[in-house]
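What the coordinates show
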Amino acid sequence: FPVTIRKLVFLVSSASDSYLVASGTLEKGNFSHVRACLFNTDNGKQSFVYLDDKLISSSSDTQDLGSLVFDTSSLIIGSGSRHTILDYDFLPRQTLSGAIDEFRFFSKQRDEETISKFSKSQMFATGGLEAYFRFDEPAGNYSMKDIVLDHSGRCLHSRISNYIPVRYRDWE
């Protein structure tokens, strides 16, 4: 099978004042551990993207984005929506075509050892964990399959827009 390369973009914006972008590429059809970070530096915040624990990109500058208000702001993942801010215009060619196993959002910087320790295992509510979506809600017959439960202890349960149920087959 030919390898298909896709662009991965981590964009953080603050209202219409400033933004940070870090982007790279990944192979479609393979599981990849993606980590997108927004770190505090002496000059402000800077964004970084890691693929399978290797740094692949960082933003070329730093910005003072202030505090991210997670309880009342939208978190958009793989929407395929256009995002224009100041001189940056992001127009994706397609929406997310893949699967997300888990999504974790931390408000505190974590060291490499801790990140590696928990990168392939589930975790439980802990300090700095603001949102934790496992995307593995139980199978069965119930009407609201577009719900994702927050396992961070903060009860930020959410709905998935454009949800398309997947039908599983037994692959032999």
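Above: the structure in question.
Structural notes, computed from the coordinates. This one's a predicted model, so the numbers in the text were calculated from it and none came from an experiment. (Residues numbered from 1 in each chain as written. Predicted model: local features only at pLDDT ≥ 70, side-chain atom pairs only at ≥ 80, totals over all residues. Heavy atoms only, no water.)

**Things to note about the overall build of the chain**
So the rule is basically this: In this text, helices come from DSSP runs of H or I with a minimum length of four residues, and strands from runs of E with a minimum of two, each type numbered from the N-terminal end. Partly exposed residues are those whose accessible area sits between 20% and 50% of the maximum for their type, while under 20% is buried and over 50% is exposed, using a 1.4 Å probe and protein chains only. Two residues qualify as a contact provided that any one of their heavy atoms is within 4.5 Å of a heavy atom in the partner residue. All accessibility values rest on the Shrake-Rupley procedure with a 1.4 Å probe; residue burial counts only the protein chains present in the view.
A count of helices and strands for the chain gives 1 helix and 11 strands. In the chain, the order of α-helices and β-strands from amino to carboxyl end is β-β-β-β-β-β-β-β-α-β-β-β. Looking at the chain as a whole, 28% of its 172 residues are labelled buried. Restricting to contacts in the chain with at least 6 residues of sequence separation, those with at least 24 account for 42%. Of the roughly 12,500 Å² of accessible surface on the chain, a fraction of 50% belongs to carbon and sulfur atoms.

**Side note on the side chain of Arg110**
Note the cut-off: None of His or the chain ends enter the tally, which takes Lys and Arg as positive and Asp and Glu as negative. Definition used for salt bridges: Asp or Glu carboxyl oxygen within 4 Å of a side-chain nitrogen of Lys or Arg.
Along the polypeptide, Arg110 turns up in the loop between strand E8 (103-106) and helix H1 (112-118). Buried within the structure, Arg110 lacks any salt-bridge partner; its nearest side chain of opposite charge belongs to Asp111, at an N-O separation of 7.6 Å. Excluding residues that lie within four positions of it along the chain, Arg110 makes contacts with Ile115, Phe118 and Met123.

**Details of the pattern of salt bridges**
Counted under the stated rule, the structure contains 5 salt bridges. With its nearest N and O atoms 2.6 Å apart, the salt bridge here joins Arg104 to Glu102. Among the ionic pairs, Arg154 bridges to Glu130, the shortest N-O distance being 3.1 Å. Residue Arg154 is located in the loop between strand E10 (147-148) and strand E11 (158-159), and its partner Glu130 is located in strand E9 (residues 129-133); the two are separated by 24 residues in the primary sequence. Under the relative-accessibility criterion, Glu130 is labelled buried at 16%. Salt bridges sharing partners connect three or more residues here, namely Arg35, Asp53 and Glu112.

**Section: the nonpolar core**
Basically, it comes down to this: Here, nonpolar core refers to any group of buried Ala, Val, Leu, Ile, Met, Phe, Trp, Tyr and Cys residues whose side-chain atoms link them within 4.5 Å.
Of all hydrophobic cores here, the largest spans 9 residues; its members are Leu8, Phe10, Val12, Leu20, Ala22, Leu26, Val49, Leu51 and Leu65. If you list the elements that add at least two residues to this core, you get strand E1 (4-14), strand E2 (18-28) and strand E4 (44-51). What Leu26 contacts, discounting residues up to four positions off in sequence, is Thr4, Ile5, Arg6, Leu8, Val34 and Leu51.

**Observations concerning the side chain of Lys45**
How we decide: Pairs of N or O atoms are called polar contacts if they sit within 3.5 Å, as long as, within protein, a hydrogen donor faces a hydrogen acceptor (for residues adjacent in sequence, only side-chain-to-side-chain pairs).
On the secondary structure map, Lys45 appears in strand E4. Buried charge without a salt bridge: Lys45, with Asp64 as the nearest opposite-charge side chain at an N-O distance of 5.5 Å. Reaching out from Lys45, the side chain makes a polar contact with the side chain of Asn40 at a distance of 3.4 Å. Here Lys45 is in contact with Leu20, Leu38, Phe39, Asn40, Asp61, Thr62, Gln63, Leu65 and Gly66, once residues within four sequence places are set aside.

**Some thoughts on the sheet that holds E4**
In sheet architecture, strand pairing relies on hydrogen bonds along the backbone and comes in two forms, parallel and antiparallel. Keep this limit in mind: Strands qualify as paired when DSSP identifies two bridges or more between them. Axis lines are fitted through C-alpha atoms, for helices just across the contact stretch, and the angle between N-to-C directions can take any value from 0 to 180 degrees.
Strand order in the open sheet formed by 3 strands is E3-E4-E5, with antiparallel pairing between adjacent strands. Edge positions in the sheet fall to strand E3 (34-41) and strand E5 (54-58), since each has one partner strand and no second. Along the sheet, successive strands turn relative to each other by an average axial angle of 35 degrees, direction set aside. As defined by bridge partners, E4 adjoins E5 across 4 bridges and the pair is classed as antiparallel. Paired with Tyr50 across the bridge in E5 is Leu55.

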